[in-house]
Number of protein chains: 2
Amino acid sequence: MGSRRDSLISAAAKLLDRGGPAGVTLRGVGRAAGVSHNAPYKHFADKDQLLAAVAAREFRRQTDLAVSSPGGFVGERTPQSLMVRYVRWAQRYRERFKLTFGRWVRDDETLRFEATRARSILVAAVKTAQADGDLPAGEPERLAALLWALAHGAADLALSGHLSTEGNAPEAEDLVADLFRHLKRSTRTARSLP
Amino acid sequence: MGSRRDSLISAAAKLLDRGGPAGVTLRGVGRAAGVSHNAPYKHFADKDQLLAAVAAREFRRQTDLAVSSPGGFVGERTPQSLMVRYVRWAQRYRERFKLTFGRWVRDDETLRFEATRARSILVAAVKTAQADGDLPAGEPERLAALLWALAHGAADLALSGHLSTEGNAPEAEDLVADLFRHLKRSTRTARSLP
DNA sequence: ACCTGAACACCGTTCAAGT
DNA sequence: ACCTGAACACCGTTCAAGT
């Protein structure tokens, strides 16, 4: 079921990768899916809802991959490996990444659900790392938010080229590694204190 | 000189705040500036260049404010105060913030210049904090990139609502404070080690 | 140098109509 | 329920023409 709907989303994702959100036109989507420029309106209220559906599908896929891919089984799913995967995703699919954090996110229920799901996976990994003494103690949700924010910011700044001075820019992955190094040191301090 | 150009940029910024990049139309900009829908082409090659000019002006203004505002003189300009200012800027002018990290940044020379200038101010503050023992040792440019990435990611995630689970979300400012707390602890560890 | 108005090809969206 | 084609109001951009 919904295969027409799915093919519209796929067509939109393809256009998005090629030309950004402006490159996604309902007319173009219809054309690519082999229907009239008007058929999408039977599946999506407007263009924004189609884009939100693209973002939700992409978010869902990436979370699924993080859970099921090689190296993704629970024991190997460290916070750092999840964050590295995150910045690589942003690099590989820059337009989908940008889209996932656009205007509609706040209001789209599916997208909010996917965000919550992704966050809960990260929180679980954080708890394990805390128990292993690899991350400092403290509210795991809060620490997870810190990690996510750093990975997100590093990825986004790298995409816009703002990290580089004159070519010798740190990679987003380097900054992720730096953060974990500092957190590890912070962990040791907290332990050695009363 | 350039007052017509400036008024076009101002009109564009106003439209941007009201309706995002899609709300900025060359026709609307011309109308708001009291010229024909076609006059902007004498000052900007196309719509993207107009938007890039808006972003560059905003970036420049915020950097100027960070340097000259009360509490902004050199001694008070700590990395943390700069980062708090950054996330507040994102919150207050979300559309301008988003615009500043859009597609054109990589290619626009003025925007790249402003980014370099902002980064150098942060790097200077980082060096001072390192000398005072408030931040860990290491390449200051790299540490500045870490701080900026965290502030940027926290601000961007907060804007898209992705930080909240069920309303009890950490604020972007909280995450900035958390990072500095961890870095402070990391500093002490590094000192107490051989 | 700067601006205007007409024109072109496109777009999102609406609507009446078909199966 | 799903799709089509015509239509409407808009847009970015180009061009010939004015001062």
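Our subject is the structure that appears above.
On a predicted model such as this, the values are computed, not experimentally measured, just so you know. (Residues numbered from 1 in each chain as written. Chains lettered and ligands numbered in written order. Predicted model: local features only at pLDDT ≥ 70, side-chain atom pairs only at ≥ 80, totals over all residues. Heavy atoms only, no water.)

Undergrad: What is the right way to look at the relation of the copies chain A and chain B in this model?
TA: Between the two copies of the chain lies a rotation about an axis combined with a shift along it. Between chain A and chain B, the superposition needs a rotation of 180° and an axial shift of 0.0 Å, giving an RMSD of 0.0 Å. Taken together, the rotation angle and the small translation identify this as a two-fold axis. Looking at the rotation axis and the C-alpha trace of chain A, the residue lying nearest is Gly153(A), at 1.7 Å. Comparing contact sets, 100% of the residues at the interface of chain A also lie at the interface in chain B, consistent with an isologous, same-surface contact. (Least-squares fit on C-alpha atoms with pLDDT ≥ 70 in both. Contact = heavy atoms within 4.5 Å.)

Undergrad: Explain the pattern of salt bridges here, please?
TA: Pairing between side chains becomes possible if they bear opposite charge and their charged atoms approach one another. All names here are of chain A. Scanning the model with the defined rule gives 20 salt bridges over all chains in all. Between Asp64 and Arg60 there is a salt bridge; the shortest N-O distance is 3.3 Å. Highlighted residues: Asp64 and Arg60, both in helix α3 (residues 47-68), separated by four residues, approximately one helical turn. Accessibility expressed as a relative area gives 27% for Asp64, which makes it partly exposed. (Salt bridge = Lys/Arg side-chain N within 4 Å of Asp/Glu carboxyl O. Helix = DSSP H or I, 4+ residues; strand = E, 2+ residues; numbered from the N terminus. Buried < 20%, exposed > 50% of the residue type's maximum accessible area, 1.4 Å probe, protein only.)

Undergrad: How should I be thinking about the interface of chain A and chain B in this particular structure?
TA: Accessible area lost during the coming together of the parts is what is often quoted as the interface size. Listed per partner, the contact involves 49 residues of chain A and 49 residues of chain B. Roughly 4,000 Å² of surface becomes buried between chain A and chain B when both sides are summed, with 58% attributable to carbon and sulfur atoms. A salt bridge links Asp178(A) to Arg142(B); the shortest N-O distance between them is 2.7 Å. Where chain A touches chain B, the interface holds 14 residue pairs in polar contact (both at pLDDT 80 or more). If you list the elements that add at least two residues to the side of chain A that touches chain B, you get α5 (94-100), α6 (109-131), α7 (140-159) and α8 (172-192) of chain A. When residues of the side of chain A that touches chain B are assigned to their parent elements, the largest contribution, 14 residues, is made by α7(A). Partitioning the side of chain A that touches chain B into residue classes produces 24 nonpolar, 13 polar and 12 charged. (Buried area = accessible area lost by both parts, 1.4 Å probe. Polar contact = N/O pair within 3.5 Å; in protein donor to acceptor, adjacent residues only side chain to side chain. Nonpolar A, V, L, I, M, F, W, Y, C, P; charged D, E, K, R; others polar.)

In short, shape yes, function no, at least from these values alone.
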